Amino acid sequence: MEGKKWYKKLSNWFFILIVIILILFLSVNLYIMYQAKTQEDKVPSIFGYKPFIVLSGSMETEIHIGDLVITKEVDPKTLKKDDVIAFRDAENTVTTHRIIDLVDKDGQTLFITKGDNNNTQDQNLVEFDDVEGIYITRIAGVGTMMDNLSKPTTVVIMVLGISIIFFLLFNISNKKLRSQEEEEFLEYKRQKALQEKANSKDVEETTKKSETKKDTTKKKATKKTTSSKKSGKHS
């Protein structure tokens, strides 16, 4: 019985943890979607960190398709050779490639970039204003998940699913609480009945003792009267 209780508690906590993770993913996605709609000229960021979904294998084997790349906003002046950066290309698409060299053009520093898995360098030079951030880390496979979660249909399904789950959990919790209250009430009634029975028994015993005492007193009184009568006749 104790083993089952432990298993149920662990299962409940695990389920709650999964729901919390899904809510966090959904919240981040909704926030990013909101920023993307309200600030179309900027890449959405969370406390200076910008997530990007990898759509090509140009940086394999370090970064893979479907990964979620995390970059951090940085002062372009601090960047150097071999840094991996996220930047906007000529088509306004964000690309994550490695700096292979720096060049000066008309007194302005520009970056030459290349994908680790590409045979040639990128066609266009990267200006300071094009830099979105420096590569920090990647989360394998999460990019694909977040891409799916960002779709309107998936968002609606997730919101409905989470709402239904919380509704069911709330009802289950209420049923357990009511059941516990009923058990406590029945136990209270049982204890009260036992107490009343015990009190009734005590009263009966007290009454019997009192009656026995009265009978004993009457017998003694009768003996005394009989004795007195006998004494009178003898005189």
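Everything quoted here is computed from the prediction, not taken from an experiment. (Residues numbered from 1 in each chain as written. Predicted model: local features only at pLDDT ≥ 70, side-chain atom pairs only at ≥ 80, totals over all residues. Heavy atoms only, no water.)

## Quick word on the overall build of the protein chain
Alright, step 1. Helices and strands together make up the secondary structure of the protein chain, namely three helices and six strands.
Alright, step 2. Along the chain direction, N to C, the helices and strands of the protein chain fall in the order α-β-β-β-β-β-β-α-α.
Alright, step 3. Counting only residues that meet the buried cut, the protein chain has 23% of its 235 residues in that class.
Alright, step 4. In the protein chain, 52% of the contacts between residues at least 6 apart in sequence involve partners at least 24 apart.
Alright, step 5. Accessible surface for the protein chain amounts to roughly 17,800 Å². Of this, 58% is attributable to carbon and sulfur atoms. (Helix = DSSP H or I, 4+ residues; strand = E, 2+ residues; numbered from the N terminus. Buried < 20%, exposed > 50% of the residue type's maximum accessible area, 1.4 Å probe, protein only. Contact = heavy atoms within 4.5 Å. Areas by Shrake-Rupley, 256 points an atom, 1.4 Å probe, with all protein chains shown as cover.)

## Quick word on the sheet that holds strand β1 (residues 49-53)
Alright, step 1. The sheet built from six strands is open, its strands ordered β1-β2-β6-β3-β4-β5 with antiparallel pairing. Every other strand in the sheet has two partners, leaving β1 and β5 (108-114) as the edge strands with one partner each. Pairs of neighbouring strands in the sheet enclose a mean axial angle of 50°, with direction left out of account.
Alright, step 2. The pairing of strand β3 (residues 84-88) with strand β4 (residues 94-105) spans five bridges and is antiparallel. When the sheet's bridge partners are listed, phenylalanine 87 is paired in β4 with threonine 95. (Pairing = 2+ DSSP bridges. Axes fitted to C-alpha atoms, helices over the stretch in contact; angles between N-to-C directions.)

## Points about the pairing of β1
Alright, step 1. Judged by which residues are buried, β1 turns out to be one-sided: Lys50 and Phe52 face inward and are buried, whereas Tyr49, Pro51 and Ile53, on the alternate face, are not.
Alright, step 2. The pairing of β1 with strand β2 (residues 68-72) spans five bridges and is classified as antiparallel. If you follow lysine 50 over to β2, its bridge partner there is threonine 71.

## Re the packing of aromatic side chains
Alright, step 1. Tallied over the full model, the rule gives one aromatic pair.
Alright, step 2. Between phenylalanine 111 and phenylalanine 128, the aromatic rings sit 5.6 Å apart at their centres with planes inclined by 25°, giving stacked as the arrangement. With phenylalanine 111 in strand β5 and phenylalanine 128 in the loop between β5 and β6 (131-139), this residue pair connects regions lying 17 residues apart in the sequence.
Alright, step 3. Since its relative accessible area comes to 1%, phenylalanine 111 is described here as buried. (Phe/Tyr/Trp six-rings, centres within 6.5 Å; stacked < 30°, edge-to-face > 60°.)

## Here's the deal with the side chain of arginine 98
Alright, step 1. If you trace the backbone, arginine 98 turns up in strand β4.
Alright, step 2. Within the structure, arginine 98 has its side chain in polar contact with the backbone oxygen of aspartate 82 (distance 3.0 Å).
Alright, step 3. Residue contacts for arginine 98: discarding those within four places in its chain leaves Met59, Glu62, Asp82, Asp83, Val84, Ile112, Thr113, Lys114 and Asp116. (Polar contact = N/O pair within 3.5 Å; in protein donor to acceptor, adjacent residues only side chain to side chain.)

## A look at the side chain of aspartate 67
Alright, step 1. With respect to the helices and strands, the residue aspartate 67 is situated in the loop between β1 and β2.
Alright, step 2. A residue is classified by how much of its surface remains accessible, and aspartate 67, at 3% relative accessible area, is buried.
Alright, step 3. In this structure the side chain of aspartate 67 is engaged in a polar contact, spanning 2.8 Å, whose partner is the backbone nitrogen of histidine 64.
Alright, step 4. Among the polar contacts listed, one links the side chain of aspartate 67 to the side chain of arginine 138, at a separation of 2.8 Å.
Alright, step 5. Beyond its immediate chain neighbours, meaning those up to four positions away, aspartate 67 contacts Phe52, Ile53, Val54, Arg138, Ile139, Ala140, Gly141 and Gly143.

## Some thoughts on the pattern of salt bridges
Alright, step 1. On inspection of all chains with the given rule, the structure shows eight salt bridges.
Alright, step 2. Close ionic contact of glutamate 132 with lysine 50 constitutes a salt bridge, the shortest N to O distance being 2.6 Å. Of this pair, glutamate 132 sits in strand β6 while lysine 50 sits in strand β1, and the two are 82 residues apart along the sequence. In this structure, glutamate 132 and lysine 50 share a single accessibility class: buried.
Alright, step 3. We note a salt bridge from lysine 80 to aspartate 83, for which the minimum N-O separation is 3.5 Å.
Alright, step 4. Owing to a relative accessible area of 12%, aspartate 83 belongs among the buried residues under this scheme.
Alright, step 5. By sharing partners, the salt bridges in this structure join Lys50, Glu73, Arg88 and Glu132 into a single network. (Salt bridge = Lys/Arg side-chain N within 4 Å of Asp/Glu carboxyl O.)

## Quick notes on unusual backbone geometry
Alright, step 1. A cis amide bond links glutamate 60 to the next residue, threonine 61, at an omega of 20°.
Alright, step 2. Mapped onto the elements of the fold, threonine 61 is located in the loop between β1 and β2.
Alright, step 3. The phi torsion at aspartate 82 lies on the positive side, around 80°, for a residue other than glycine.
Alright, step 4. Among the secondary structure elements, aspartate 82 is positioned in the loop between β2 and β3.
Alright, step 5. With a phi close to 65°, asparagine 92 is a non-glycine residue in the positive phi region.

## Comments concerning the environment of isoleucine 65
Alright, step 1. Looking at the element boundaries, isoleucine 65 is found in the loop between β1 and β2.
Alright, step 2. On a C-alpha basis, the gap between isoleucine 65 and threonine 144 in space is 8.4 Å, while along the polypeptide they are 79 residues apart.
Alright, step 3. Beyond its immediate chain neighbours, meaning those up to four positions away, isoleucine 65 contacts Val54, Leu55, Ser56, Gly57 and Glu60.

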